[in-house]
Each structure stands twice: as structure tokens, then as C-alpha cells.
Amino acid sequence: MAKDVKCGVHSCAFWKSGNKCGAKNIVVEMYSEGKAKTSGQTGCQTFRPKDLL
Ligand code: SF4
């Protein structure tokens, strides 16, 4: 279990200074057929644009 999530997506409503994630929990999905092979084939589904929350 991840204790701290470091994130550089500062356009996310949950993002906090120091590259911290302020969400209570996050969901990460893969964007590929079969197994994800690179980090670029994964992504945070909890992301919400700052201007929508
Ligand atoms: S919800 Fe996802 S994208 Fe948003 S700050 Fe947390 S880890 Fe980053």
C-alpha cells in the first residue's frame, strides 16, 4: 500500500504544493490492450481539472 503519493500533475484539483496528492485515495488504470508495458500506458482516474471542483 502506498503511504504517500507523489504527483506532478499540478492542474489537478487534488494536487498540493510539494508534489503531494490530497485525494483520500486514488484509482490508477491502464490504457493498453493486455499488459501495460510503460508508465505512459497507465494513468490516474481520480484526476479532476482544478477549475471543475
Ligand atoms: S488525484 Fe491523481 S492526478 Fe490528482 S494529484 Fe492525486 S495522483 Fe495526481
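What comes next is a walk through the structure. (Residues numbered from 1 in each chain as written. Predicted model: local features only at pLDDT ≥ 70, side-chain atom pairs only at ≥ 80, totals over all residues. Heavy atoms only, no water.)

**Regarding the overall build of the protein**
To keep it simple, the criterion reads: Elements are defined by DSSP. Helices are runs of H or I of four residues or more, strands are runs of E of two residues or more, and each kind is numbered from the N terminus. We call two residues contacting when some pair of their heavy atoms lies within 4.5 Å.
Along the protein, the regular secondary structure elements total zero helices and four strands. Order of helices (α) and strands (β) in the protein, N terminus to C terminus: β-β-β-β. On the principal axes, the C-alpha backbone points of the protein span a range of 35 × 25 × 15 Å. Restricting to contacts in the protein with at least 6 residues of sequence separation, those with at least 24 account for 28%.

**Quick look at the layout of surface pockets**
Put simply, the test is: With a 1 Å grid spanning the protein atoms alone, the term cavity applies to any set of points in which a 1.4 Å probe fits but cannot get out, the term pocket to an open set with protein on both sides within 12 Å along at least five of seven lines, and the term lining residue to any residue with an atom within 4 Å of a point. Grid points are joined across faces, edges and corners, and a volume is the space filled by probe spheres set on the points. Think of it as three bins: nonpolar holds Ala, Val, Leu, Ile, Met, Phe, Trp, Tyr, Cys and Pro, charged holds Asp, Glu, Lys and Arg, and polar takes everything else, Gly as well.
By volume, the largest pocket is sized at about 190 Å³. Looking at the lining of the largest pocket residue by residue, the classes come out as 12 nonpolar, one polar and two charged. Quantified by volume, the second largest pocket comes out at close to 160 Å³. Every residue lining the second largest pocket is listed: A2, K3, D4, V5, K6, K20, C21, A23 and K24. Tallied by class, residues from the lining of the second largest pocket come to four nonpolar, no polar and five charged.

**Topic: the site of the ligand**
Put simply, the test is: Residues are counted as near a molecule or strand when any one of their heavy atoms sits within 4 Å of it. Think of it this way: if more than half of a molecule's atoms are within 2 Å of a pocket's grid points, that molecule is in the pocket or cavity.
In the vicinity of the ligand, the residues found are C7, V9, C12, F14, W15, C21, I26, C44, T46 and F47. Structurally, the ligand is housed in the largest pocket. Along the lines of polarity and charge, the residues of the shell around the ligand split into nine nonpolar, one polar and no charged.

**Here's the deal with a nonpolar patch on the surface**
The test is simple: In this analysis, a patch consists of residues with relative accessible area above 30% that form no salt bridge, clustered at 9 Å for like charges and at 5 Å for the nonpolar side chains Val, Leu, Ile, Met, Phe, Trp and Tyr. Surface accessibility in these figures is a Shrake-Rupley result with a 1.4 Å probe; residues are shielded only by whichever protein chains are displayed. For this analysis, a salt bridge means a side-chain nitrogen from Lys or Arg found within 4 Å of a carboxyl oxygen belonging to Asp or Glu. Summary of the burial criterion: residues with accessible area below 20% of their type's maximum are buried, those above 50% are exposed, and those between are partly exposed, where the area comes from a 1.4 Å probe applied to protein chains only.
Residues V5, I26 and V28 make up a contiguous nonpolar surface patch of about 200 Å² in total accessible area. By the secondary structure assignment, I26 is in the loop between β2 (20-21) and β3 (28-30). A relative accessible area of 32% means that I26 is categorised as partly exposed.

**Details of the side chain of T46**
Which entries qualify depends on this criterion: Whenever two N or O atoms come within 3.5 Å, that pair is a polar contact, provided that in protein one can donate a hydrogen and the other can accept it, and provided that, for residues adjacent in sequence, both atoms are side-chain atoms.
Inspection of the secondary structure assignment puts T46 in the segment after β4 (42-44). Residue T46 is classed as buried on the basis of its relative accessible area, which comes to 15%. Within polar-contact distance, the side chain of T46 engages the backbone nitrogen of V27 at 2.8 Å. Contacts of T46, omitting those with residues within four sequence positions, involve F14, A23, N25, I26 and V27.

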